[in-house]
Amino acid sequence: MNIFKYLSAVMFTSFSLLSAGAGAQEAPDVLIRRVSEEILDLAKTDKQIQAGNQHHIIEVVQGKILPHVDFQRMTASAAGRYWREANAEQQSALISEFKTLLVYTYSGAVAQIRNQKLEFKPMRSAPDDTDVEVRSNVIQPRGEPIQLNYRLEKTPSGWKIYDVNILGAWLVETYKNSFSAEIQKGGIDGLIKTLAERNKRLAANPPKPAVKG
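Residues numbered from 1 in each chain as written. Predicted model: local features only at pLDDT ≥ 70, side-chain atom pairs only at ≥ 80, totals over all residues. Heavy atoms only, no water.

A. Representation of the overall build of the chain in the model. Within the chain, the regular secondary structure consists of seven helices and five strands. Beginning at the N terminus, the succession of helices and strands in the chain can be written as α-α-α-α-α-α-β-β-β-β-β-α. Within the chain, the proportion of its 213 residues that are buried is 49%. By sequence separation, contacts in the chain at least 24 residues apart represent 60% of the contacts at least 6 residues apart. For the chain, the exposed area adds up to about 11,000 Å²; of that, 49% sits on carbon and sulfur atoms. (Helix = DSSP H or I, 4+ residues; strand = E, 2+ residues; numbered from the N terminus. Buried < 20%, exposed > 50% of the residue type's maximum accessible area, 1.4 Å probe, protein only. Contact = heavy atoms within 4.5 Å. Areas by Shrake-Rupley, 256 points an atom, 1.4 Å probe, with all protein chains shown as cover.)

B. Spotlight on helix 5 (residues 71–79). All of the buried residues in helix 5 are Phe71, Met74, Thr75, Ala76, Ala78 and Ala79. One or two positions beyond helix 5, positive phi appears at Gly80, with a value near 60°.

C. Quick peek at helix 2 (residues 28–45). Along its 18 residues, helix 2 runs 26 Å from first to last C-alpha, staying within 8% of the 26 Å computed at 1.5 Å per residue. Residues of helix 2 that are buried: Pro28, Leu31, Ile32, Val35, Ser36, Ile39, Leu40 and Ala43. Take helix 2 and look down its axis: the buried residues cluster within an arc of 150°, on one side only. (Expected span 1.5 Å × (residues − 1). Arc of directions from axis to C-beta.)

D. Molecular detail of the confidence of the model for the chain. When pLDDT is averaged along the chain, the result is 82, and 84% of the positions lie at 70 or above. The weakest mean pLDDT in the chain belongs to helix 1 (residues 2–12) at 48; the strongest belongs to helix 5 at 96. This stretch, residues 1–7, has a pLDDT under 50; its non-local contacts, to residues over four places away or in other chains, come to eleven contacts. Below pLDDT 50 for its whole length, residues 12–24 participates in 49 contacts with residues either more than four positions away or in separate chains. (pLDDT = per-residue confidence, 0-100.)

E. Main features of the pattern of salt bridges. Tallied over the entire structure, the rule returns six salt bridges. Between Arg34 and Glu26 there is a salt bridge whose closest N-O contact spans 2.9 Å. The exposure class of Arg34 is partly exposed, given its relative accessible area of 28%. We note a salt bridge from Glu182 to Lys185, for which the minimum N-O separation is 3.5 Å. With Glu182 and Lys185 both in helix 7 (residues 171–204) and three residues apart, this pair spans about one turn of that helix. Residue classification places Glu182 among the partly exposed positions, given a relative accessible area of 21%. By relative accessible area, which is 66% here, Lys185 ends up exposed. (Salt bridge = Lys/Arg side-chain N within 4 Å of Asp/Glu carboxyl O.)

F. Inspection of the sheet that holds strand 4 (residues 158–166) at higher detail. Strand order across the open sheet formed by five strands is 1-2-3-4-5, with antiparallel pairing between neighbours. The open sheet has two edge strands, strand 1 (117–120) and strand 5 (169–170), and neither has a second partner. In this structure, strand 3 (residues 146–155) lies alongside strand 4, joined through eight bridges in antiparallel fashion. Note on strand 4: the bridge partner recorded for Leu152 is Ile161. Each of strand 1, strand 2 (131–139), strand 3 and strand 4 is contacted by helix 2, which is oriented at about 170° to strand 1, the strand it contacts most. (Pairing = 2+ DSSP bridges. Axes fitted to C-alpha atoms, helices over the stretch in contact; angles between N-to-C directions.)

G. Layout of the packing of aromatic side chains. This model, assessed by the stated rule, comprises three aromatic pairs. Note on Phe98 and Phe179: the rings are 5.3 Å apart at their centroids and 75° apart in plane angle, and the pair reads as edge-to-face. With Phe98 in helix 6 (residues 88–110) and Phe179 in helix 7, the pair connects residues that are 81 residues apart, well separated along the chain. An aromatic cluster of at least three residues, connected via ring pairs, comprises Phe98, Tyr175 and Phe179. Geometry around Tyr162 places Arg73 over its ring, the cationic atom sitting 3.5 Å from the centre. Its end group placed over the ring of Trp170, Arg151 keeps NZ or CZ at 3.7 Å from the ring centre. (Phe/Tyr/Trp six-rings, centres within 6.5 Å; stacked < 30°, edge-to-face > 60°. Lys NZ or Arg CZ within 6 Å of the ring centre and 35° of its normal.)

H. Structural view of the nonpolar core. The biggest cluster of nonpolar side chains holds 37 residues, and the ones touching the most others in it are Val61, Met74, Leu94, Phe98, Leu102, Tyr175 and Phe179. Take this core: its biggest share by element is nine residues, from helix 7. Among all residues touching Phe179, those that are not within four sequence positions of it are Ala78, Ala79, Phe98, Leu191 and Leu195. (Core = buried A, V, L, I, M, F, W, Y, C linked by side-chain atoms within 4.5 Å.)

I. Looking closely at the side chain of His56. Counting through the fold element by element, His56 comes out in helix 4 (residues 54–65). The contacts of His56, once residues within four sequence positions are left out, are Asp46, Gln48 and Ile49.

In structure tokens:
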């Protein structure tokens, strides 16, 4: 879906640049707000990010973002009923390739961040909730605000993001449709192969930085 490719830069602003465990005691909306502002500030001031240095951006993603995303839950949800049909080796490979795909997606996206701002809405939840949605809008220099919501689950190691909603469409559901189509064509191994090939193409084509303006 083109809208997800176009808006992947917006997704990147939602994820954490926290040191390990720093946000474990924060409310999920406070966590998302704080780290979103941190990543926006970094993208606007880091010269290597602005130049589109893929290696540097990947290091940032791997070291600062991945610990705060539940990739196993995301992958299992995207695979749907087929997840239970996969053996342990296939599940591990699928998680690895899906994680790598999102790393390249985020890495390409961060180079596009320039002048976006975030506007958060009040969170509707009870104090003892362990699964919540944080809602926000991305304000752009041009165009209408973009809806950007997050689903988070409270785990023993803190709040984890497991899904993102852009303009009313949940990311996991979008991948679920494409995963299902690939699995029907070539099974779980076929999906893993398709993701691996896509990751190779992404590795060979570093992101281009956004044009200032």
